[in-house]
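Inside the fold
Below, each chain spelled out in residue letters.
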Amino acid sequence: MNETTFYQKLHALPNGAYDVCYRKKRYLLRKESLLQGKLIKLYAKELGGNDIVSGNYYPSIKNGTLKPCEMPEEKVIAFVEAARVL
């Protein structure tokens, strides 16, 4: 998974909290890289709505392992690939 568009886009997102646009909706996204880059945490909340996107990515496990938090893996991948920083 480390050779995918998902990984490239996730890696390119800056650490911290900031607004992004996804499917014409605004989200507050928080990204943290922990354990010297061995864990990337992602959490996004739709502003003015109820949608949440959340997952942990482990780049060093099995060439990249995504663990979404109570949602399909495809939802996290689609969000990371399409969200753009405002």
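All right, on to the pairing of strand β1 (residues 16-22) then. By the bridge criterion, 7 bridges tie β1 to strand β2 (residues 25-34) in an arrangement that is antiparallel. Paired with Tyr18 across the two strands is Leu29, which belongs to β2. Linking β1 to β2, which pair antiparallel, is a turn of 2 residues; within it Arg23 sits at a positive phi near 50°. Both β1 and strand β6 (residues 84-85) contribute to a ladder of 2 bridges, which runs antiparallel. Across the sheet, Val20 pairs through a bridge with Val85, a residue of β6.

Moving on to the pattern of salt bridges. Opposite charge on two side chains permits pairing when their charged atoms draw close. Tallying each qualifying case throughout the model produces 4 salt bridges. Ionic pairing is found between Lys25 and Glu46, a salt bridge with its closest N-O pair at 3.9 Å. Placement of Lys25 in strand β2 and of Glu46 in strand β3 (residues 39-46) is noted, with a sequence separation of 21 residues between them. Taking relative accessible area as the criterion, Glu46 reaches 12% and is therefore assigned buried.

Reading the values: the criteria
- Residues numbered from 1 in each chain as written.
- Predicted model: local features only at pLDDT ≥ 70, side-chain atom pairs only at ≥ 80, totals over all residues.
- Heavy atoms only, no water.
- Pairing = 2+ DSSP bridges.
- Helix = DSSP H or I, 4+ residues; strand = E, 2+ residues; numbered from the N terminus.
- Salt bridge = Lys/Arg side-chain N within 4 Å of Asp/Glu carboxyl O.
- Buried < 20%, exposed > 50% of the residue type's maximum accessible area, 1.4 Å probe, protein only.

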